[in-house]
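The chain contents come next:
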Amino acid sequence: VQLQASGGGLVQAGGSLRLSCAASGRAFGNIAMGWFRQAPGKERGFVGGISRNGGRTYYADSVKGRFTISRDNAKNTVYLQMNNLKPEDTAVYYCATYIGLYYNGDTSKDVYNYWGQGTLVTVSS
């Protein structure tokens, strides 16, 4: 599986961005997906995830109510809509494929096996 993340950029606090993650190489509809982020000097952490058919989504408490994950299996793409961005959201954002069959929002990066290259989001105050 190859993943290509895009959509990052510079935005003012309170603004919005939509990240995309395009997948190739496998039946995308059979794979749950996660989004992670890594700020400078910090560990890569779970942002949210979505089940294979998009019926279930999960979010970290820090982004709940502001971020929304969706997917379009016909386009092999998963999205991360980010609203009301805060300076603390500044990070490189990564999409990743979940290794298992049943997805329950697992937050450990160890159970995600393929990763995109990351896209930088910078939120200015």
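Quick summary incoming for the structure in this document.

The next thing to look at is the pattern of salt bridges. On inspection of all chains with the given rule, the structure shows 4 salt bridges. A salt bridge links aspartate 89 to arginine 66; the shortest N-O distance between them is 2.7 Å. With a gap of 23 residues between them, aspartate 89 in the loop between strand E8 (77-82) and strand E9 (91-98) and arginine 66 in the loop between strand E6 (57-59) and strand E7 (67-72) connect regions that are remote in the sequence. Residue classification places arginine 66 among the buried positions, given a relative accessible area of 9%. Overlapping salt bridges bring together Arg37, Arg66 and Asp89 as one network.

On the basis of which strands lie adjacent, the open sheet formed by 4 strands has the order E1-E3-E8-E7 and antiparallel pairing. Looking at strand neighbours, the two that pair on one side only are strand E1 (2-6) and E7, the edges of this open sheet. Neighbour-to-neighbour, the strand axes of the sheet open up by a mean angle of 15°, direction not taken into account. For E7 and E8, the ladder comprises 6 bridges, and the chain directions are antiparallel. Bridge assignment links arginine 71 to a residue of E8, and that residue is valine 78.

What follows covers the nonpolar core. With 28 residues, the main nonpolar core has Met33, Trp35, Phe67, Val78, Leu80, Met82 and Tyr93 as its most contacted residues. Of all the secondary structure elements, the ones that give two or more residues to this core are E1, strand E3 (17-24), strand E4 (33-38), strand E5 (45-50), E7, E8, E9 and strand E11 (119-124). The element contributing the most residues to this core is E3, with 4 residues. Beyond its immediate stretch of four places on either side in the chain, methionine 82 contacts Gly15, Ser16, Leu17, Leu19, Arg66, Phe67, Tyr93 and Val121. Counting 7 residues, the second-largest nonpolar core is a separate cluster that includes Ala32, Phe46, Ala96 and Tyr112.

The rules behind the values
Residues numbered from 1 in each chain as written. Predicted model: local features only at pLDDT ≥ 70, side-chain atom pairs only at ≥ 80, totals over all residues. Heavy atoms only, no water. Salt bridge = Lys/Arg side-chain N within 4 Å of Asp/Glu carboxyl O. Helix = DSSP H or I, 4+ residues; strand = E, 2+ residues; numbered from the N terminus. Buried < 20%, exposed > 50% of the residue type's maximum accessible area, 1.4 Å probe, protein only. Pairing = 2+ DSSP bridges. Axes fitted to C-alpha atoms, helices over the stretch in contact; angles between N-to-C directions. Core = buried A, V, L, I, M, F, W, Y, C linked by side-chain atoms within 4.5 Å. Contact = heavy atoms within 4.5 Å.

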